[in-house]
Amino acid sequence: MRIAMLAAAVLAGSSCSAKKPVVVAKTATAPPAITASPANQAVSEKQAEVPASQPPSPQPNPAQPQSAISKPDPASATTAPVPDPVADLITKVEKEYQAGMDAFQAGQTDTAKQHFDTACNALLDSKLDIRSDNRLEQEFERIVTGIDKLNLGDLADSDTQKSEPAPIDETNGITPSADAKTKAKAQAEIRATHSDLPLMMTDQVAGYISYFSTHGRGTFERAYARSGRYHDMMVSILKEEGVPQDLIYLAQAESGFHPLAVSRVGARGIWQFMASRARGYGLQHNMWVDDRQDPEKSTRAAARHLRDLYAQFGDWYLAMAAYNSGPGTVQAAVKRTGYADFWELYNRNVLPRETRNYVPIILAVTIMAKNPSQYGFDDVSMDDPAAYDKVEIDYPVSLRLVAECVDSTTDELQDLNPSLLRLSTPRQGKFELHLPAGTRDEYQTAIASIPSDMRLWWRYHKVEPGDTVASVAHYYQVTAKAIEAANRLDSADLDQDTHLIIPIAPSKHPVDTATYARRITRYHVRRGDTVETVAENFGVSPKMLRRWNGLHSDSLQGRRVLALHLPVSPGSERTLSASSTSTAHRRTAEVASNKVPAAPDQESNTEDPSEGAAVLRHTVRSGETLYSIANAYKTTVAALKRSNGNVATLRPGMILIVQPAH
């Protein structure tokens, strides 16, 4: 659905003093080109401005749209009417839009979504330039504003694994006031807190402690729970690299320990590296892999970068500030004032606002994380450490095939291999593939049965009760003879729990298709930016960036804002058996890992086919944890994990099965 994309386009265009035309390209693989608005807001190395929300435009009478065709000239009444494609398009769009509004008011959200989709697609897929005709422009902004006002973003298709917004963007945007009681309490805790980072209590630090204890509590709790997954690995690497181990809390503040976290300016991964800086520390980025999203590699790179910054400034606070805004920014502030002291630079207001907030945020997170019981976090259920097997491969392989070889899911494999940008490993070179713990030998045995040049396309099917060669062939859209030949079958009978090789022709199983989020991200162009550097930072191709913004060269001269769509990894594919008896079982087992569209603030009672008893299905919301959900349903984290395939990572939109308490 393109609702979110259209809404962002309106926001981008509504602030322009002189509007520029938008070339709406008809394409099945990417959203259309967008011309964003100018802005004078300067940004730091890792900070960008969030577009302000716009009030809805006045809505004209639906029966007589403002953008309707003008009254004809009486002088031309005797001549044949001239076709007006703009008026025809507006009539079509208006009809669908009004049908959607009627359906929405009647509570038929699915039907409303279909009508809104049709209306939006009619505008986007037409060959008419929306911004070049005042009537089209008015209709465009009117329906997008109306749809956006209904918060229909929650109804948009959600079949992709979306990048996570970096928490530091939100917390850096506020400067909470200090609470005297909170400051006194934290001051007392510092004296009893052992840390290999210098801890200092100021009004700014106390303000963020107060924020994370109240309004930002969910942000802190979610990140604190996820720290269990990476804590041991990260602390070990920080120690090996000779830097303070409590720098791990810089990662908590930056990304909440999400490997897929992306900031507004394209800093990516747990440690929020910009592409150019990452490359300088050995983190590779190409169309297949982004090492910034690899927890181990990025941790080592961050440790070395912080060590170099400390060697340059001789102070950990200044090193952290330089990590945020770049060493040149901090060095210029030191040179300007003559003070190599963060708090002096803070008080003299010579650092960017987000950098001034950055160090107090990290100090607040450190103090709270090292004193969880004092802030009510001692009962948080920590994520289990990431346990996996490693196998070095020198061939490309589809994650779908890997999942079938080890009886796992593509979601789990993407979680274990977050650096992969696609559902396959790189086409050339070696790659360290992470597998579920204890499955290395199983994978090696299974993959050996698949020709090395067919591992992007062929599949590995586990025989379920009721499967026949014919039913399996029908499901995978291959011939029974092909399956019989590939597996050297002498009989049509299939033994349960054995495996079949499925020889799928490459042309029938397309790969390499990049997927982009529907939501628009606005980026404020900085001095020295080019199409190549911006595309690299955000992990998109320069070709797509040029297409989205109507650019014909790599120069960004005269452009102040770019509109782009963040790359996303394809969502997991439901692997259903051809037999109806196994379909229900698999659907139940995979419900926690599939990301499906969810109506906001709604849980539903339903019948679980494999259990034969009523269960609850809970739609995970942003900020929720297993601990908070368990408390809400008066159950336990262990029970939630048992009912959901031992799920450890929650994402908004995920569906959890909740067994009701008895």
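Treat the numbers as computed from the prediction; the structure is a model and nothing was measured.

*Asks:* Residues and numbers for the overall build of the chain, please.
*Replies:* Across its full length, the chain carries 25 helices and 14 strands. Buried residues in the chain amount to 54% of all 662 residues. Total accessible area on the chain is roughly 30100 Å²; 49% of this is exposed by carbon and sulfur atoms.

*Asks:* Break down the environment of methionine 200 for me, with residues and values.
*Replies:* Within the fold, methionine 200 resides in the loop between helix H6 (180-192) and helix H7 (203-213). According to the relative accessible area criterion, methionine 200 is partly exposed, its value standing at 36%. When neighbours within four sequence positions are excluded, methionine 200 is seen to be in contact with Ile190, Val205, Tyr317, Trp343 and Leu363.

*Asks:* Describe in detail helix H13 (residues 327-337), supporting the description with residues and values.
*Replies:* Three or more residues of H13 are buried, namely Pro327, Val330, Ala333 and Val334. The arc that holds the buried residues of H13, viewed along the axis, is 130 degrees, so those residues lie on one side. In this structure, H13 carries Gly328, Lys335 and Arg336 as exposed residues pointing more than 90 degrees from its buried face. Turning to H13, the residues buried within the fold contact helix H10 (275-280), helix H11 (295-313), helix H12 (316-325) and helix H14 (342-347). Glycine 338 sits one or two positions beyond H13 and adopts a positive phi of about 85 degrees.

*Asks:* Give me the pattern of salt bridges: which residues, what numbers.
*Replies:* As enumerated under the stated definition, the model contains 15 salt bridges in all. Between arginine 304 and glutamate 241 there is a salt bridge, with its nearest N and O atoms 3.3 Å apart. In this pair, arginine 304 is assigned in helix H11 and glutamate 241 in the loop between helix H8 (217-240) and helix H9 (248-255), connecting sequence segments 63 residues apart. On the basis of relative accessible area, glutamate 241 is assigned to the buried category, the value being 8%. Residue arginine 292 pairs with aspartate 290 through a salt bridge whose shortest N-O separation is 2.9 Å. The exposure class of arginine 292 is buried, given its relative accessible area of 1%. The network of salt bridges with shared partners includes Glu240, Glu241, Arg300, Arg304 and Arg307.

*Asks:* Kindly report on unusual backbone geometry, identifying the contributing residues and their values.
*Replies:* Even without being a glycine, glutamine 272 presents a positive backbone phi close to 55 degrees. In this fold, glutamine 272 is placed in the loop between strand E3 (261-262) and H10. When its relative accessible area of 0% is taken as the criterion, glutamine 272 is described as buried. The backbone of asparagine 349 shows a phi angle near 55 degrees, a positive value even though the residue is not glycine. Note on placement: asparagine 349 falls in the loop between H14 and helix H15 (353-369).

*Asks:* Describe the confidence of the model for the chain, with residues and values.
*Replies:* Scored by pLDDT, the chain comes out at a mean of 76, with 71% of its residues at no less than 70. When pLDDT is averaged over each helix and strand of the chain, the minimum, 31, is found for helix H23 (residues 580-590) and the maximum, 98, for H11. Considering only residues more than four positions removed or in separate chains, one finds that residues 151-162, a stretch of pLDDT under 50, has 36 contacts. A low-confidence stretch, residues 508-513 (pLDDT under 50), is modelled with 13 contacts involving residues beyond four sequence positions or located in other chains.

*Asks:* If you had to explain H8 to someone new, which residues and values would you point to?
*Replies:* Because each turn of an α-helix spans 3.6 residues, side chains separated by three or four positions in sequence point in the same direction. Taking 1.5 Å of rise per residue, 24 residues should cover 34 Å, and H8 covers 32 Å from first to last C-alpha, within 8% of that figure. Of all the bends found along H8, the most pronounced is centred on tyrosine 230 and spans about 60 degrees. The positive-phi residue at the C-terminal boundary of H8 is glycine 242, with phi of around 75 degrees.

*Asks:* Tell me about the pairing of strand E5 (residues 431-436), residues and numbers included.
*Replies:* By the criterion of burial, E5 is predominantly enclosed, with five of the six residues buried. Examined bridge by bridge, strand E4 (residues 388-393) and E5 share six bridges and lie antiparallel to one another. Note that in E5 the partner of aspartate 389 across the bridge is leucine 435.

*Asks:* Explain the pairing of strand E10 (residues 561-564) to me, and be specific about the residues and the numbers.
*Replies:* Residues in a regular strand project their side chains so that they alternate between the two faces of the sheet. With burial as the criterion, each face of E10 is covered, one bearing Val561 and Ala563 and the other bearing Leu562 and Leu564. With four bridges connecting them, strand E9 (residues 521-524) and E10 associate as antiparallel partners. When the bridges of E10 are listed, threonine 521 appears paired with leucine 564.

*Asks:* If you had to explain the nonpolar core to someone new, which residues and values would you point to?
*Replies:* Counting residues in hydrophobic clusters, the biggest one holds 69 residues, and the most contacted among them are Ile209, Trp271, Tyr323 and Phe342. With 10 residues, H15 is the single largest residue contributor to this core. Leu399, Leu423, Leu435 and Trp457 belong to the second largest nonpolar core, which has 28 residues in total.

*Asks:* Run through the side chain of aspartate 389, naming residues and quoting values.
*Replies:* Structurally, aspartate 389 can be placed in strand E4. Despite its burial, aspartate 389 pairs with no opposite charge, the nearest such side chain being arginine 440 at 6.5 Å. A polar atom in the side chain of aspartate 389 sits 2.8 Å from the backbone nitrogen of glycine 438. For aspartate 389, the side chain forms a polar contact with the main-chain nitrogen of arginine 440, separated by 3.1 Å. Other than its neighbours up to four places away in sequence, aspartate 389 contacts Leu433, His434, Leu435, Pro436, Ala437, Gly438, Thr439 and Arg440.

*Asks:* Explain the packing of H9 against H15 to me, and be specific about the residues and the numbers.
*Replies:* Put simply, H9 and H15 touch, their axes get as near as 9 Å, and they point 115 degrees apart. With respect to their mutual orientation, H9 and H15 come out roughly perpendicular. Between H9 and H15 lies a crossing of right-handed hand. Facing H9, whose interface residues are Tyr249, Leu250, Gln252, Ala253 and Glu254, H15 presents Tyr358, Ile361, Ile362, Val365, Thr366 and Ala369. Grouping the constituent residues of the contact of H9 with H15 by class yields eight nonpolar, two polar and one charged.

Criteria and thresholds
Residues numbered from 1 in each chain as written. Predicted model: local features only at pLDDT ≥ 70, side-chain atom pairs only at ≥ 80, totals over all residues. Heavy atoms only, no water. Helix = DSSP H or I, 4+ residues; strand = E, 2+ residues; numbered from the N terminus. Buried < 20%, exposed > 50% of the residue type's maximum accessible area, 1.4 Å probe, protein only. Areas by Shrake-Rupley, 256 points an atom, 1.4 Å probe, with all protein chains shown as cover. Contact = heavy atoms within 4.5 Å. Arc of directions from axis to C-beta. Salt bridge = Lys/Arg side-chain N within 4 Å of Asp/Glu carboxyl O. pLDDT = per-residue confidence, 0-100. Expected span 1.5 Å × (residues − 1). Bend = angle between axes of the 7 residues up to and from the residue. Pairing = 2+ DSSP bridges. Core = buried A, V, L, I, M, F, W, Y, C linked by side-chain atoms within 4.5 Å. Lys, Arg positive; Asp, Glu negative; His and termini not counted. Polar contact = N/O pair within 3.5 Å; in protein donor to acceptor, adjacent residues only side chain to side chain. Axes fitted to C-alpha atoms, helices over the stretch in contact; angles between N-to-C directions. Parallel < 35°, antiparallel > 145°, perpendicular 65-115°, else oblique. Left-handed = near helix turned anticlockwise from the far one by under 90°. Nonpolar A, V, L, I, M, F, W, Y, C, P; charged D, E, K, R; others polar.

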